[in-house]
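Spelled out, the chains give:
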Amino acid sequence: MKWDLLLIVFGWFELPWLVDCFDVHVSEDAGPGTALAITGSCALDQLIVPRFAESFLHLDASVLTFSAALNCESVLSNPFTVYAIMDCVDKASGFRHLSTSQYNVHVHGKNCALKRKPEEKLDVEIISLIDASECHEAGTAVFRVFDVLPGNPTQCNVTGTSAFYVSEGRLFTSAPLCFPRDSMLEFQLRCVGRARTGVAHAHWRVGSGPFTQTHLRTLLKRAARSNSGLLSRRRRNVNNNPQFQPPMYQVSVPENQPSGTFVVVLKAVDPDEGEAGRLEYFLEALFDSRSNNLFAVDPATGVVSTVEILDRETKDTHVFRVTAVDHGTPRRTAMATLTVTVSDTNDHDPVFEQEDYKESVRENLEIGYEVLTVRATDGDAPVNGNILYHLLNNGTNNVFEIDSRSGVIRTRGLVDRETVESYMLLVEANDQGRDPGPRSATATVCIVVEDDNDNAPQFSEKRYVVQVPEDLTPNTEILQVTATDQDRGNNAVVHFSIMSGNTRGQFYIDAQTGKLDLVSQLDYEINKEYMLRIRAQDGGRPPLSNISGLVTVQVLDVNDNAPIFVSTPFQATVLENVPVGYSVIHIQAIDADAGENSRLEYRLTETTPNFPFAINNSTGWIIVASELDRESVDFYNFGVEAQDHGTPAMSSSASISMTILDVNDNNPEFTQKAYYMRLNEDAAVGTSVVTVSAVDQDINSVVTYQISSGNTRNRFSITSQSGGGLITLALPLDYKLERQYVLTVMASDGTRFDTGKVYVNVTDANTHRPVFQSSHYTVNINEDRGVGTTVVMISATDEDTGENARITYFMDDSIPQFHIDADSGAVTTRLELDYEDQVSYTLAITARDNGIPQKSDTTYLEILVNDVNDNSPVFLRDRYLGSVTEDIPVFSSVLQVSAIDRDSGLNGRVFYTFQGGEDGDGDFIIESTSGIVRTLRRLDRENTPIYNLQAFAVDKGVPALKTPVDIQVTVLDVNDNPPVFEKDEFDIFVEENSPIGLVVAHISASDPDEGSNAQIMYQIVEGNIPEVFQLDIFSGELTALADLDYETRSEYVIVVQATSAPLVSRATVHIKLVDRNDNIPVLKNFQIIFNNYVTDKTSSFPSGVIGRIPAHDPDVSDQLHYSFEAGNELNLVILNRSTGEIRLSRALDNNRPLEASMKISVSGLCARITPAECVCQCHAERERERESVCVICVRVCVSVCVCVSHLCEGLSDADVLSLPL
């Protein structure tokens, strides 16, 4: 085993040497044979002492003794160092341990001064191997460490890893663990001995595999690349950097917890001792300074706790830079990140966008019509903010329903304002939360039903009857008609008008009140009853009317007419010989009244006793009451009275002249048989028409005249006057009734008579005024009718004839939109109409005749303009701008657009749509009734930061008109994208020996978010143990913290993390060192043994390459060159100067023994190995196998002296090594 160990020790010389040691004290007076106290629990296999100590130290049976007396002058270094290599076999665990300890030997005496100050720390390097693949569960004992460590330690603590711990002198696993075969697990032990006078440090490597030279060499070469090894070439820093384990903390804390709530324990490891290993922890908020006021860290323990109650809705993520600072010199730091996520509790009620919603809808909406959308938000996380809506008072408001997810309120039944004018809905929003339970909120929704003109006015009575005395004073109210409309507003305002029956315009109805007034005097004798049709029309658009109103005006007769005798005085003659009872003359009076007011009774007045005449009081005939005697009385003059039965009674009187005649035998004869007369119909009663004359041949004959026929309606009367018969007008004429009278006039002398004809032609007079059929007309016209369109034909009638009946029409007021034809009464448009400017016009139209004097009548024409869909909707703004965060929930309100339409009804009812426009590829919807733009899908600012939408406001006219509007929605960023490295794995090339602190690379990642959400922190999370590199947390600059040596380690693999809290991404970085020529070539002693078998038949002399010079250069970039310095003057060995390959010269193909001593040099680009002289003996013997065989042994012994040119870049005097062999 010693040979193997010696090789291992020599192999370790490939590593630079720097360890601490135990102290051994010896007196200068110690004599030969004195043993040094270099002991341990393991077997001592090898001691390495300085060359100057070989003269007085000797190793015998594993004991180091003095072979000669000490002389302090020969001790070149005091204390000097002795290295002890020990081999330990642990049969119980199966492990075998190789430990290397360093002892400082202090020589004390008069002439022995301490030339250097010893180190206080004690170090041991140990390699432990087990020749089996083993895995251990957590808490399994591996082996006893106290049996391996020198110095009898009593207490040890593991540092540098959490995989092991020491208890009762044994090494235990902290977690399930398998020992690697091709590499070793490393850790540090800090141990205290029984005297507790010092602290020892052990650096331990544990692995699996055979305890052989080859396997140990492989493991040690790998260990040589570690800066933590016993034989590190570099000088260890006085104060090491602490390291966080792990380098990144991510924890979650519930909100609303009391201050002082535990969050996490920060743990950094510092291998240093004392003040250099005492750490102090600090927190600093990275993105939001408010976080500093919410958390605190205990500087000594690293316990992070809350300072105030946390509110997730205020801030849900807190990111800190965690710093651990030691108290060494200089002070070293370690940094990590701490991300605290505040988890949600259901501590927020849903909040409606409005506490009270108000919306108005028109009645008679279709079922399923969207009235409005209520929206509630919940500040809690989605699991506690999944809001559902429902109506709490749906039982009494079954006309409406609500979508439980979207909050859209729709109609589910018919809406009738006349039944219910308004609805008060109570909507509940429930967040479905579970921790600690659901929360809810309510909002009221007041839906006012707007009136549609869907009800016509209704009269209070089907028929109105009113009796009016004919003597009622004009302008007196005779009746009030009433009508009600169940609609409201203008739709319920009723206007009244007379449609028909008011032919003479004697009545007027107030359009607003319905009061019916008498405007001109009634005359029962002319018209006894009027039948008026009344229209009740509301003020809706379009208006609805009811023409079923009937008013019967019954004219009551008044005794206002006295009887009128048809002639006065009455004259008659009678023969004296007529018998008693003979009817002499018919006394006739008329009374224009009716009924009892017109029933007449006659009586004679101014009579004497035994008066020979009497009168029938009913018929008015005067008869002979007793015999006449002309000789006694030939002439009578008396009176007659006609009295009606009215109250009070009215009467009239007339005088009668009665002449008693003799009997005669000649007939009277008219002087002309026919008379032709013209009489205007407006001639006054009593007007003389004509005087007829007849002649009687008898002597003293008296001719009397009377109208025997043709006197229709008793219009005329005749009286005897001056021998002739005077015809006069007894009653007014009426051209419309009779235009000609043919009167038969009889002339009588008492017994005999003659007849004649009087033709009276009645000429027309302007006695009648034009009369409209109605005092009020209503017509409708569409606003889009062109100029010149006939609106209506207005017509009036006049009972006159000729010019008296020719009517001219005109408007009383000049309304520029309309024109009336003077002759036809056609009302036409003169200008374009616009419903939106004026919805109705009232024209006063007069019809005037052309009689003398002119007479007229006036009516009112109401022209209602019907709306047509000629106005497009108009938005209240030219453009709408809105913004939302990209994490806003689906169906959230973004903004509201609003448009108005000047049209009415369906033409003015506006709904909103994205159809035909731009809805952001379906990311948005717009509520058709309210114009609220809502999100339909989740938004992503990184894909679409700005939406340019286009919505339309569309009316419901036919055809529908629409207006576009542009809507710009800006999506605000939230931190929803992790940083992204360009590649998941990439290489960085760094030259070895780069200065410490040099920025070797820039690590960068991109974050598609923006602003503070795109701020990235960088850190190394794996592979940086020991801490060789440092990554700037913000800039991503990767800095070397230690010397980089290609020959020690050519590649580092680290995992870097980019954090945009709380989102992270990782990438693997391969840091590949670029070799520089900073190492000298290495050449070891070697021998060439050549056996030449010489026969007579064949030759076995090797003609090819038999090997190569065993030299190598740790620098892969260096090219070696080989040459003989001496000893090969005969060129017995042929050397390839570039490859080092060796061939033998044919001169050696003989049976002569040969010995040679050669010097070989190997040089690189900047270093050269110059061999020293070495004489080696080689003996040749003849083998006993064959006589003809000769064995020649050629040994080449090389004494190596390493000389390094100072011209080599990157090396200094301190790097020049002299290794004596």
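Residues numbered from 1 in each chain as written. Predicted model: local features only at pLDDT ≥ 70, side-chain atom pairs only at ≥ 80, totals over all residues. Heavy atoms only, no water.

### A word on the overall build of the chain
Part 1: Scanning the chain for helices and strands turns up two helices and 98 strands.
Part 2: Residue burial in the chain is summarised as follows: out of 1221 residues, 47% are buried.
Part 3: Within the chain, contacts between residues separated by at least 24 positions form 70% of all contacts whose residues are at least 6 apart in sequence.
Part 4: Surface summary for the chain: the accessible area is close to 59,400 Å², and the carbon and sulfur share equals 48%. (Helix = DSSP H or I, 4+ residues; strand = E, 2+ residues; numbered from the N terminus. Buried < 20%, exposed > 50% of the residue type's maximum accessible area, 1.4 Å probe, protein only. Contact = heavy atoms within 4.5 Å. Areas by Shrake-Rupley, 256 points an atom, 1.4 Å probe, with all protein chains shown as cover.)

### Re the state of the cysteines
Part 1: Per the stated rule, a full pass over the model turns up two disulfides.
Part 2: Between the sulfur atoms of C135 and its disulfide mate C178 the distance is 1.8 Å. Between C135 and C178 the sulfur-sulfur dihedral comes to about 110°; the bridge is accordingly right-handed. With a gap of 43 residues between them, C135 in strand β8 (residues 135-136) and C178 in strand β13 (residues 177-178) connect regions that are remote in the sequence.
Part 3: For C178, a relative accessible area of 46% corresponds to the partly exposed category. (Disulfide = S-S within 2.5 Å.)

### Quick notes on the sheet that holds strand β23 (residues 317-326)
Part 1: Ordered in space as β17-β24-β23-β20, the four strands form an open sheet in which the pairing is mixed. In this open sheet, the two strands that pair with only one neighbour each are β17 (248-254) and β20 (279-285). On average, adjacent strands in this sheet sit at an angle of 25° to one another, irrespective of strand direction.
Part 2: Strand direction decides the pairing type here: β20 and β23, joined by seven bridges, are antiparallel. Looking at the pairing, L283 lines up with V322 of β23. (Pairing = 2+ DSSP bridges. Axes fitted to C-alpha atoms, helices over the stretch in contact; angles between N-to-C directions.)

### Remarks on the pattern of salt bridges
Part 1: Under the definition given, this model contains 36 salt bridges.
Part 2: Where D403 meets R410, a salt bridge forms, and the shortest distance between an N and an O atom there is 4.0 Å.
Part 3: For D403, a relative accessible area of 26% corresponds to the partly exposed category.
Part 4: The partly exposed category is assigned to R410, whose relative accessible area is 24%.
Part 5: Close ionic contact of R1066 with E1022 constitutes a salt bridge, the shortest N to O distance being 3.4 Å. Here E1022 lies in strand β82 (residues 1017-1022) and R1066 lies in strand β86 (residues 1063-1074), a separation of 44 residues in the sequence.
Part 6: Since its relative accessible area comes to 41%, R1066 is described here as partly exposed.
Part 7: The exposure class assigned to E1022 is partly exposed, which follows from its relative accessible area of 41%.
Part 8: Residues participating in the shared-partner salt-bridge network are R417, E418, E421, D451 and R488. (Salt bridge = Lys/Arg side-chain N within 4 Å of Asp/Glu carboxyl O.)

### Considerations on the nonpolar core
Considering soluble globular proteins, one finds that nonpolar side chains tend to be buried as a cluster.
Part 1: Among the nonpolar cores identified, the biggest contains 48 residues, and F56, F80, L171, L189 and W204 are the most heavily contacted of them.
Part 2: By residue number, the principal contributor to this core is strand β5 (residues 80-90), which donates five residues.
Part 3: Beyond its immediate sequence surroundings of up to four residues, L189 is in contact with V145, L149, C156, N157, V158, V166, A200, H201, A202 and W204.
Part 4: Ranked by size, the runner-up nonpolar core spans 29 residues in total, among them F570, A572, L575 and F613. (Core = buried A, V, L, I, M, F, W, Y, C linked by side-chain atoms within 4.5 Å.)

### Considerations on the side chain of D749
Part 1: The topology assignment puts D749 in the loop between β58 (740-748) and β59 (753-763).
Part 2: Of the side chains bearing the opposite charge, R752 lies closest to the buried D749, which forms no salt bridge; the N-O distance is 5.6 Å.
Part 3: A distance of 3.0 Å separates a polar atom in the side chain of D749 from the backbone nitrogen of T751.
Part 4: A distance of 2.6 Å separates a polar side-chain atom of D749 from the backbone nitrogen of R752. (Lys, Arg positive; Asp, Glu negative; His and termini not counted. Polar contact = N/O pair within 3.5 Å; in protein donor to acceptor, adjacent residues only side chain to side chain.)

### Re the packing of aromatic side chains
The geometry of two aromatic rings is summed up by the distance between their centres and the angle between their planes.
Part 1: Taken as a whole, this structure holds 27 aromatic pairs when the rule is applied.
Part 2: With 5.1 Å between their ring centres and 80° between their planes, F716 and Y741 make a pair best called edge-to-face. Pair noted here: F716 is in strand β56 (residues 716-721) and Y741 is in strand β58, with a separation of 25 residues, a long-range link. Side by side, F716 and Y741 carry an identical accessibility label, which is buried. (Phe/Tyr/Trp six-rings, centres within 6.5 Å; stacked < 30°, edge-to-face > 60°.)

### A few points about the sheet that holds strand β62 (residues 790-793)
Part 1: With antiparallel pairing, the three strands of this open sheet are ordered in space as β62-β66-β65. The sheet is open, and its two borders are formed by β62 and β65 (818-820), each paired with just one other strand. Going across the sheet, the axis of each strand differs from the next one's by a mean of 20°, ignoring polarity.
Part 2: Pairing geometry for β62 and strand β66 (residues 826-829), over three bridges, is antiparallel.

### Remarks on the pairing of strand β33 (residues 440-450)
Part 1: The pairing of strand β26 (residues 356-362) with β33 spans seven bridges and is parallel. In the strand pairing of β33, S360 is matched with V448.
Part 2: Pairing geometry for strand β32 (residues 422-430) and β33, over nine bridges, is antiparallel. Following the sheet pairing, L426 is matched in β33 by T444.

### Structural notes on the confidence of the model for the chain
Part 1: On average, residues of the chain score 82 in pLDDT, and 89% of them reach the 70 mark or higher.
Part 2: Across residues 1166-1221 the pLDDT falls below 50, and counting only partners more than four positions away or on other chains, this stretch makes 122 contacts in the model. (pLDDT = per-residue confidence, 0-100.)

### Quick notes on the environment of N1128
Part 1: Mapped onto the elements, N1128 comes out in the loop between β91 (1121-1126) and β92 (1133-1135).
Part 2: The exposure class assigned to N1128 is buried, which follows from its relative accessible area of 8%.
Part 3: Sequence separation of N1128 and M1158 is 30 residues, and the distance between their C-alpha atoms is 6.1 Å.
Part 4: Among all residues touching N1128, those that are not within four sequence positions of it are V1133 and M1158.
Part 5: Only 3.0 Å separates the side chain of N1128 from the backbone nitrogen of L1132, close enough to count as a polar contact.

### Digging into the environment of L310
Part 1: Checked against the element boundaries, L310 lands in the loop between β22 (303-306) and β23.
Part 2: Relative accessible area serves as the criterion here: at 3%, L310 is assigned to the buried category.
Part 3: Spatially, the C-alpha atom of L310 lies 7.4 Å from that of V342, the residues being 32 residues apart in sequence.
Part 4: Once residues within four sequence positions are removed from consideration, L310 is found in contact with V253, E255, N256, Q257, L294, F295 and V342.

### Brief notes about a nonpolar patch on the surface
Part 1: Residues V874, L876 and I900 make up a contiguous nonpolar surface patch of about 290 Å² in total accessible area.
Part 2: The topology assignment puts I900 in strand β72 (residues 899-900). (Patch = residues over 30% accessible without salt bridge, like charges linked within 9 Å, V, L, I, M, F, W, Y side chains within 5 Å.)

### Quick notes on the side chain of T317
Part 1: By the secondary structure assignment, T317 is in strand β23.
Part 2: Here the side chain of T317 touches D316 through a polar contact of 3.4 Å, side chain to side chain.
Part 3: Once residues within four sequence positions are removed from consideration, T317 is found in contact with T339, V340, A1061 and P1062.

### Let's talk about unusual backbone geometry
Part 1: Cis rather than trans, the peptide bond between T647 and P648 has omega equal to -10°.
Part 2: Position of P648 relative to the elements: it lies in the loop between β50 (635-644) and β51 (651-661).
Part 3: Between V958 and P959 the backbone carries a cis peptide bond, its omega angle lying at -5°.
Part 4: Here P959 shows up in the loop between β76 (946-955) and β77 (962-972).
Part 5: For E606, which is not glycine, the phi torsion reads 60° and is therefore positive.
Part 6: With respect to the element layout, E606 can be found in the loop between β47 (600-605) and β48 (613-615).
Part 7: In this structure E606 comes out as exposed when scored by relative accessible area, which is 64%.

### Quick word on the pairing of strand β11 (residues 164-167)
Part 1: Burial along β11 is one-sided: F164 and V166 are buried, and none of Y165 and S167, which face the opposite way, are.
Part 2: Here β11 pairs with strand β12 (residues 170-173) via four bridges, running antiparallel. In the strand pairing of β12, F164 is matched with T173.
Part 3: Counting the residues in the hairpin turn of β11 and β12 gives two residues, including E168, whose phi is positive at 55°.

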